[in-house]
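Structure at a glance
If you want the building blocks of each chain, they are given just below.
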Amino acid sequence: MEVAQAGAERTAGRWVWLAVLVGLVLRLWEAAESSLWLDELHTLSHASLPDLGAVVDHVRAEVVHQPLFFGCVHMFGGWEEGTTLRLLPVLSSLLLFVPLVAFARAAGLGARGVALAAWLLAVLPYQVHYATELRPYAWLSVFAAGAMWAAFAEQGSRAGRLALFALCVAAGVMTHRVMEVVVLSIGFARLCVRSREMLPLTWLVGAGALAVAPEVPWLLAYAEKATTDRMDYHADVGGFVLRPALVMEALVLPTRLFAPFLGALGGVWALLAKLGALVFFLVLSGGVVRFWRSRREGSPQPAPVRALLCCSVTCFVLVFALSFYRWDRLPLQYFAPVAWVLPLIVALLAERWPERSRPQFAGLLALAGLALGVAQAGGRNMEDMRGAVALARELGSERAGTLYTGLMVQPSLFPHTLPYDAYGRELPRAEPSAVPTRGEVGFERPVVVLRRGRIPLSDARWTRLLEGRRIAVERKVDDYLAVFVLEPAP
């Protein structure tokens, strides 16, 4: 028996390492192929400041973000390094395999179950995409997972687990403020799931409070602003309005935490993604039905897994509610602290499938997941900033003396010419407010405008640019980006 168990452990270990390797390949593929998008340009804008103090001040001025991740990016480079800096989140994201495998083994999953959980973490599109993006969400996932494991584990030194919990919470809070929701969810889960072997709740409260306490004044001020903005919004639209688009966004949210983009990937990649999603969700639906029918069978999950599931559900509900209340939409990236648990849930469902066909069930999920991951890594960008700058360069090269500018939907903290800093540093550019107007030197030059977002022509910035000019060319790049060429009107 011990020999067989040791053999199974070795088999699981080999599959986990294969999953890590495949996950790394997919993440590097997406990092190399996909364009930086506007928020990633904001990261590089922070990182390119002259010193760490300036980075911290710049991030704090953005209000909603924390400086740890951006300060680390600053230490490794800025605009010149560009997409190479995506290696920071890519390599960091691989640490997620440690708590995932630990929870899978705590759940009593065999070699196949552990391997399936690790494989899905490696290939699911949500994990590939947000592990690649040059934003703090990969770090947020890692710190959230580390804090959950330290809080819910029943083995190992208590002092070591407490130190890990405190470190993950402190680093997580300095990475993103959603970590504060994670800490609250961990505390609630420990209230609901009792275990003498876990860290005492009072220890968790103490360590969490030390990390979160400095943020309380900001949280209160932000809550007040969010409430004021919400009331103003209701006043503008005539009371509470549940937008149909938000309802649809909520309905598809569970599937988008597996695969956020399907048709948007374009061409053969979109076809591959849709086929993979069809197989994956059909098989998964069968697993859910089987679980529901047999839910009274078998023994309950061990305490660490029950605590993890309780924490994840709580965190999901809180992030959902806060996102709806604050922005009237559901940004996918804020669910990163719990999305990594989905591969484990799928593996737990697979474990309930009848033994005679369980290998086929798990194999279909694994193959469909791989198809989804490959499509994600190879597919088209949702926001092709690199392609937009290339188009702007092409249109501008057809005219003499072209001046380049941009119009971005973003905080006023950032310049509108960020895309050129990333992909067109040689192009002559100016902020919209500095583009010459009629009667000023240089007014006769053609102006290429890269627009991000739906900024109407009635906007004051457009009005200034169009005064005395006409739109000679308008080209759509994707759903977010368009390029315009302005020339002096006759």
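Since the structure is predicted, the reported quantities are computational estimates derived from the model, not experimental observations.

Here's the deal with the sheet that holds strand β4 (residues 481-488)
One open sheet accounts for 4 strands, arranged β1-β2-β4-β3; its pairing is mixed. Each edge of the open sheet carries a strand with a single partner, namely β1 (403-408) and β3 (469-476). Pairs of neighbouring strands in the sheet enclose a mean axial angle of 25°, with direction left out of account. With 6 bridges connecting them, β1 and strand β2 (residues 447-452) associate as parallel partners. Bridge pairing in β2 links M408 to R452.

Considerations on the pairing of β4
The buried fraction of β4 is high, at 7 of 8 residues. Summarising the sheet, β2 and β4 pair through 6 bridges and their orientation is antiparallel. Counterpart to V449 in the pairing with β4 is F484. Sheet topology places β3 next to β4; 7 bridges connect them, and they run antiparallel. Bridging across to β4, I471 finds its partner in L486. Adjacent in sequence and paired antiparallel, β3 and β4 are bridged by 4 residues.

Structural notes on the layout of surface pockets
Taken as a whole, the largest pocket encloses approximately 1,600 Å³ of empty space. Lining the largest pocket are 48 residues, and of these W37, D39, R329, Q333 and R452 sit closest to its centre. Elements with a contribution of two residues or more to the lining of the largest pocket: α2 (38-47), α8 (125-132), α13 (216-237), α14 (244-256), α16 (303-327) and α19 (358-378). Sorting elements by how many residues they give to the lining of the largest pocket places α2 first, with 4 residues. Looking at side-chain class alone, the lining of the largest pocket contains 19 nonpolar, 12 polar and 17 charged residues. What the second largest pocket holds in volume is close to 910 Å³.

Points about the packing of α8 against α19
If you want to describe how two helices pack, look at the angle between their axes and the distance between the axes. Between α8 and α19, the least distance of the axes is 8 Å, while the angle of their chain directions is 35°. In this structure, α8 crosses over α19, and the sense of that crossing is right-handed. Judged by residue contacts, P125, V128 and H129 of α8 engage L372, G373 and Q376 from α19. When grouped by side-chain class, the residues that make up the contact of α8 with α19 number 3 nonpolar, 3 polar and no charged.

Observations concerning empty space enclosed by the protein
Taken as a whole and judged by the stated rule, the model has 2 cavities of 30 Å³ or more. In this structure, the largest cavity occupies an estimated 80 Å³ of space. Lining the largest cavity, in full, are S93, L96, Y126, Q127, Y130, A131, Y137, A138, S141 and A336. Mapped onto the lining of the largest cavity, the elements with two or more residues apiece are α8 and α9 (137-152). Across the lining of the largest cavity, the residue classes break down as 7 nonpolar, 3 polar and no charged.

Things to note about the pattern of salt bridges
Scanning the entire structure with this criterion turns up 15 salt bridges. A salt bridge links R425 to E80; the nearest nitrogen and oxygen atoms lie 3.7 Å apart. You can see R425 sitting in the loop between α21 (418-423) and β2 and its partner E80 sitting in the loop between α4 (68-76) and α5 (87-93), a full 345 residues away along the chain. Put simply, R399 and E398 hold a salt bridge, and the shortest N to O gap is 3.5 Å. Members of the salt-bridge network, linked through shared partners, are E398, R399, R470 and E487.

Rules and cut-offs
Residues numbered from 1 in each chain as written. Predicted model: local features only at pLDDT ≥ 70, side-chain atom pairs only at ≥ 80, totals over all residues. Heavy atoms only, no water. Pairing = 2+ DSSP bridges. Helix = DSSP H or I, 4+ residues; strand = E, 2+ residues; numbered from the N terminus. Axes fitted to C-alpha atoms, helices over the stretch in contact; angles between N-to-C directions. Buried < 20%, exposed > 50% of the residue type's maximum accessible area, 1.4 Å probe, protein only. 1 Å grid on protein atoms, 1.4 Å probe; cavity = no way out; pocket = protein on both sides within 12 Å on 5 of 7 lines; lining within 4 Å. Points joined across faces, edges and corners; volume = space filled by probe spheres on them. Nonpolar A, V, L, I, M, F, W, Y, C, P; charged D, E, K, R; others polar. Left-handed = near helix turned anticlockwise from the far one by under 90°. Contact = heavy atoms within 4.5 Å. Salt bridge = Lys/Arg side-chain N within 4 Å of Asp/Glu carboxyl O.

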